[in-house]
Amino acid sequence: MDTLQLLEEITARAKAGTLSRSDVLAALDRGAQAASGGEEHRSLSVADVLAFLGGLIVVIGIVVLVSTNWDSFGSVLRILTTLGFACGVYVAGVLLQQQGSSRLQLLADVFFCIAMVLLPLGLGVTFHEMGLPWDNSPEQVFLSLLAFAGALGAFFTLKRKLFVVFSVAYGTWLFFALLHFIHPESSVTGRLYVCLFTGIAYMFLASAFAKTTLRPLSGLMNFVGSATFLGCALALGEWEPSTAMPILWQLLFPILIIGMIFVSVRLRSTAILITSAISIVAYIIKMTAEYFSDSIGWPFAIVLAGFLLIGVGFGMMRIKRKYIV
Amino acid sequence: MDIRKNLSLILGLSIPVVILIVIAIAVVVPRFFAAPTYSFLYTTDQNRYYYTQRNYEWYRVEQGKLMEESRPITDPTNDDRYNRIPEKAPQLYLYDVLTKRSRELSFEDAAKLTLDINETSPDGYTISSGSRRGLMEEIVGGSSDYRKKFLVGHGVRQEITLINPTGSSYYDFRFFGWVIQ
């Protein structure tokens, strides 16, 4: 039975009253869950948000508690309250994950988040107590490598998507730590170029994730990647530039935005469309302030910018309705 | 592994690796082809900032030779460092670019040297102050260590081992000249 026949069958049974909307949706959910390897797909509810907020407050509370009593702690206690706590929370998450209940799965995710957030802090404290200067370049490389390996190892062991987020975050930290180790005296422009290419790398990773069970993360990766790329491209245009390269970037930026809108349509990515819209807004405001505020005056410049922004908003909504959704 | 199927993943992971390799090559390779050849004379005398506020310098370089300024008589009972000229001459140092070390030099030995007072050495290097901060300081903001100096030129940035007495500040460094002979 092909898809068209299947849909006609569903329509016929719905008319006869033998098949309901909830039956069809439940079947779709079960199919998606099986395709994702068993991890339950749930849309974020208020309870989920409160649970993660609670986890965040726990982390803040621990950090405040430890920091206020830090001087009275010995080395062993300092390592136990940071790295030890992170490991303990991780183990608790592993035990909770083995239970079947969806609420306990949520709790396991919260515990894993706490463990991942506390991991670099715990490693930094351990370095410090061992007499290693945690903020020096070589130690930063080693610290970030350990955090990255921990997050990646946890992902391959437990196959939970949130570890990918931390793997990407700590991998990015490792990249910049290595960069700083190799070339600590790099210029601001050099760093902007590096961040620009990092944004492109994020979008490639998002594209890779979209074809796998990590699809829910591709939106976030696209958002961060495109925002980084366009933000750096805008910054490379400088303010009232007098040299060739910044002028070129200012002229090139609208073309880059058009390109990103095209990419958002091709990838059907609302995240890239949103960042493109924000970038157009930022570009219009920047250009107006840079080149028109003195000639036509601030009030007219603001009115002009406002009309252009209205046009951008309508344009983006139309693109989204027609090509993405 | 199907490369076409995993092209996005390969590109996403290879971009940072390529950047690191390119920058490592750009930083390391010039060091094999360029090396500074001129040593220089300097001092890191304490409180020099306050002396120059009163337009006073202990030494000057004239026609390539180090000379002493004639200095006013000091009042040893005057504790105000803003108005007191110290009796002890600032220590001179010679930075040897071959050994990458500094050594103390007496005025008599320093006066025998021929100095080029240009900021840029004859082989195209200059001395710049450092902003060598750790990664965390770069992110959260932190003070730079401007007492650190670097020889910069031809794509090379080499930290100079200066002799900085305890308590000396950024303002205490004074470059006299590149040693020609």
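This one's a predicted model, so the numbers in the text were calculated from it and none came from an experiment.

## Digging into the overall build of chain B
- On a plain count of helices and strands, chain B comes out with 4 helices and 10 strands.
- Secondary structure of chain B in N-to-C order comes out as α-β-α-β-β-β-β-α-β-β-α-β-β-β.
- Counting contacts in chain B only where the partners sit at least 6 residues apart, residues at least 24 apart contribute 69% of the total.
- Per element, the accessible surface of chain B, about 11,100 Å² overall, is 53% carbon and sulfur.

## Quick look at the interface of chain A and chain B
- At the junction of the two partners, chain A supplies 24 residues and chain B supplies 22 residues.
- Here chain A meets chain B over a buried area of about 2,000 Å², counting both sides, of which 74% is carbon and sulfur.
- Summed over the three residues of chain A that lose the most area to chain B, namely A:Ile182, A:Glu185 and A:Phe204, the buried surface amounts to 29% of that side.
- At the boundary of chain A and chain B, one finds 0 salt bridges.
- Where chain A touches chain B, the interface holds 1 residue pair in polar contact (both at pLDDT 80 or more).
- Counting residues per element, the ones that place at least two in the side of chain A that touches chain B are helix 7 (162-182) and helix 8 (188-210) of chain A.
- Ranked by residue count, the leading element in the side of chain A that touches chain B is helix 8 of chain A, at 9 residues.

## So, the sheet that holds strand 10 (residues 173-179) of chain B
Residues and elements named next belong to chain B.
- On the basis of which strands lie adjacent, the open sheet formed by 5 strands has the order 5-4-1-10-6 and antiparallel pairing. This sheet does not close on itself; its edge strands, each paired only once, are strand 5 (101-105) and strand 6 (115-116).
- Both strand 6 and strand 10 contribute to a ladder of 2 bridges, which runs antiparallel. Bridge pairing links aspartate 116 to tryptophan 178 in strand 10.

## Some words on the nonpolar core
All names here are of chain A.
- In this structure, Phe112, Met116, Phe163, Val164, Phe166, Tyr170 and Met221 are the most contacted members of the largest nonpolar core, which totals 30 residues.
- Elements represented by at least two residues in this core include exactly helix 4 (75-97), helix 5 (102-129), helix 6 (137-158), helix 7, helix 8 and helix 9 (215-236).
- With sequence-adjacent residues up to four places away left out, tyrosine 170 is seen in contact with Met116, Val117, Pro120, Ser144, Ala147, Phe148 and Ala151.
- Phe253, Ile261, Leu273 and Met287 belong to the second-largest nonpolar core, a separate cluster that totals 27 residues.

## Here's the deal with the side chain of A:Gln140
Residues and elements named next belong to chain A.
- Checked against the element boundaries, glutamine 140 lands in helix 6.
- On the basis of relative accessible area, glutamine 140 is assigned to the buried category, the value being 1%.
- A distance of 3.1 Å separates a polar atom in the side chain of glutamine 140 from a polar atom in the side chain of tryptophan 173.

## Observations concerning the confidence of the model for chain B
Residue and element names in this part refer to chain B.
- On average, chain B scores 75 in pLDDT, and the residues at 70 or more come to 67%.
- Confidence drops under pLDDT 50 across residues 139-143; counting only partners more than four residues distant or on other chains, this segment forms 4 contacts.
- ipTM for the predicted complex: 0.74, alongside a pTM of 0.70.

## So, the pattern of salt bridges
- Per the stated rule, a full pass over the model turns up 6 salt bridges over all chains.
- A salt bridge links A:Glu129 to A:Arg78, with the nearest nitrogen and oxygen atoms 3.0 Å apart. Here A:Arg78 lies in helix 4 and A:Glu129 lies in helix 5, a separation of 51 residues in the sequence.
- The shortest N-O distance in the salt bridge between B:Lys112 and B:Asp109 comes to 3.6 Å.
- Judged by its relative accessible area of 61%, B:Lys112 is exposed.
- On the basis of relative accessibility, which here comes to 37%, the residue B:Asp109 falls in the partly exposed class.

What counts as what
Per-chain numbering applies: the sequence of each chain, read as written, is numbered from 1 onward. Chain letters and ligand numbers both follow the written order, the letters beginning at A and the numbers at 1. Given that this is a predicted model, residues contribute local features only at a pLDDT of at least 70 and side-chain atom pairs are listed and counted only at 80 or more, while totals for whole chains, interfaces and linings are drawn from all residues. Side-chain numbers here rest on the full set of heavy atoms in the structure, without hydrogens or water. Numbering of helices and strands starts at the N terminus; helices are DSSP runs of H or I of at least 4 residues and strands are runs of E of at least 2. Contacts between residues were defined by any pair of non-hydrogen atoms, one from each residue, lying within 4.5 Å. Where accessible areas are quoted, they stem from the Shrake-Rupley method and a 1.4 Å probe; at the residue level, only the protein chains shown are allowed to cover. When two components associate, each loses some accessible surface as probed by a 1.4 Å sphere; the sum of these losses over both components is called the buried area. Any carboxyl oxygen of Asp or Glu within 4 Å of a side-chain nitrogen of Lys or Arg constitutes a salt bridge here. Whenever a nitrogen or oxygen atom comes within 3.5 Å of another N or O atom, the pair is scored as a polar contact, on the condition that within protein one atom can donate a hydrogen and the other can accept it, and that pairs from neighbouring residues in sequence are kept only if both atoms are in side chains. Here, any two strands with at least 2 DSSP bridges between them count as paired. Throughout, nonpolar core names a set of buried Ala, Val, Leu, Ile, Met, Phe, Trp, Tyr and Cys residues whose side chains join them through atoms within 4.5 Å. When a residue's accessible area, from a 1.4 Å probe over protein chains only, is under 20% of the maximum for its type it is buried; when over 50% it is exposed; and in between it is partly exposed. Known as pLDDT, the predictor's confidence for each residue is given on a scale from 0 to 100.

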